[in-house]
Amino acid sequence: AQSVTQPDIHITVSEGASLELRCNYSYGATPYLFWYVQSPGQGLQLLLKYFSGDTLVQGIKGFEAEFKRSQSSFNLRKPSVHWSDAAEYFCAVGPGDSSYKLIFGSGTRLLVRP
Amino acid sequence: DARVTQTPRHKVTEMGQEVTMRCQPILGHNTVFWYRQTMMQGLELLAYFRNRAPLDDSGMPKDRFSAEMPDATLATLKIQPSEPRDSAVYFCASDRGQLTEAFFGQGTRLTVV
C-alpha cells in the first residue's frame, strides 16, 4: 500500500538557520513526489514536485528537495529560513498510473524563532 | 489568476442537517479531488473524479456522504445527515489529470454542533 511518513510533527528553527524536513514513502513503483505548504487558514500550495530526471529539484520560495530512491526519501531543504516560512508542510506521493490519487503525509509544523 | 473556488468558506450547522459544499475547479482541469483535514487524521482523500466520472470514493463514508459533478464547472460534496464527527476542513483540488500540479481551494470549514 502507498504511504507517506513525515516523522517530525513539529520543528523549530531560528530565522536564518538551515532547514530539513523529512519525508519517507512506501510505494512499489517509481513514485511521483510533491511537497506542499499550508499557511494558517489557507489551502495547500505546491512548493515543488519530482516526476523523473534530476533527483535534486528546485521549488518556489528557495526550497529544494532531493529524491533518494535507495532511502525511499524525499527530504525538503532550505538553506536559510525566513520568519514567513512558518507553516505546515506536507509531503505527498502519487502513483502515476490511471488510478492516480495523491496521498499525503501527516505534515510537519515549522516554527521559526526570531 | 486561475484558482479553485470553494463555497461556503465556513459553515456551522446542527447535527442531522444536510450540508452541501461546492467547488468550482480551474477551467480546463479534468480531475477533481475532495479531501478532509482534521487534527487527528490529517489530510484524507474522500473521493476524486476524472472527466466528471467518479474514480475512487473509497475514502468516503457511503451512508451519509455523496459526491457528484453535475457539470465540468461544479463539484459537490453532500453530507446527510451531518454529525459532530464530520466537523473538519474540506478541501477541493483540481488538476489536468496528467500528474501536473494539483491546485487547492481554500477549503470549507464545517462545524456540526
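Residues numbered from 1 in each chain as written. Chains lettered and ligands numbered in written order. Predicted model: local features only at pLDDT ≥ 70, side-chain atom pairs only at ≥ 80, totals over all residues. Heavy atoms only, no water.

Caption draft 1: Spotlight on the overall build of chain B. Counting its regular elements, chain B contains 0 helices and 11 strands. Sequence-ordered secondary structure for chain B, helices as α and strands as β, is β-β-β-β-β-β-β-β-β-β-β. Its C-alpha atoms give chain B a radius of gyration of 13 Å, within 12% of the compact-globule value 13 Å for 113 residues. The principal-axis extent of the C-alpha atoms belonging to chain B is close to 40 × 30 × 25 Å. Counting only residues that meet the buried cut, chain B has 47% of its 113 residues in that class. In chain B, the share of contacts with a sequence separation of at least 24, taken over all contacts with a separation of at least 6, comes to 53%. Surface summary for chain B: the accessible area is close to 5,700 Å², and the carbon and sulfur share equals 49%. One way to put it: in chain B the 13 positive side-chain charges average out to a point 3 Å from where the 13 negative ones average out. (Helix = DSSP H or I, 4+ residues; strand = E, 2+ residues; numbered from the N terminus. Rg over C-alpha atoms; globule rule 2.2 N^0.38 Å. Buried < 20%, exposed > 50% of the residue type's maximum accessible area, 1.4 Å probe, protein only. Contact = heavy atoms within 4.5 Å. Areas by Shrake-Rupley, 256 points an atom, 1.4 Å probe, with all protein chains shown as cover. Lys, Arg positive; Asp, Glu negative; His and termini not counted. Charge placed at Lys NZ, Arg CZ, Asp CG, Glu CD.)

Caption draft 2: A look at the state of the cysteines. This structure, assessed with the given rule, holds 2 disulfides over all chains. A disulfide bridge connects Cys23(A) with Cys91(A), and the sulfur atoms are separated by 1.9 Å. Since a negative S-S torsion denotes a left-handed disulfide, the Cys23(A)-Cys91(A) link at about -65° is left-handed. Pair noted here: Cys23(A) is in the loop between strand E3 (19-21) and strand E4 (24-26) and Cys91(A) is in strand E10 (residues 87-94), with a separation of 68 residues, a long-range link. Per residue, the accessibility class of Cys23(A) equals that of Cys91(A), and both read buried. A sulfur-sulfur distance of 1.9 Å marks the disulfide that ties Cys23(B) to Cys92(B). What sets the handedness of the Cys23(B) and Cys92(B) disulfide is the S-S torsion sign, and at about -60° it is left-handed. You can see Cys23(B) sitting in strand E3 (residues 19-24) and its partner Cys92(B) sitting in strand E9 (residues 88-95), a full 69 residues away along the chain. Each member of the pair, Cys23(B) as well as Cys92(B), carries the same accessibility label: buried. (Disulfide = S-S within 2.5 Å.)

Caption draft 3: Quick peek at the confidence of the model for chain B. Counting all residues, the mean pLDDT for chain B is 93, and 97% of those residues have values of 70 or more. When pLDDT is averaged over each element of chain B, E3(B) comes out on top at 98 and strand E6 (residues 53-56) of chain B at the bottom at 88. (pLDDT = per-residue confidence, 0-100.)

Caption draft 4: Highlighting the environment of Trp35(A). Residue and element names in this part refer to chain A. With respect to the helices, strands and loops of the structure, Trp35 is situated in strand E5 (residues 32-38). Taking relative accessible area as the criterion, Trp35 reaches 0% and is therefore assigned buried. Polar contacts involving the side chain of Trp35 include one to the main-chain carbonyl oxygen of Phe74, which spans 2.8 Å. (Polar contact = N/O pair within 3.5 Å; in protein donor to acceptor, adjacent residues only side chain to side chain.)

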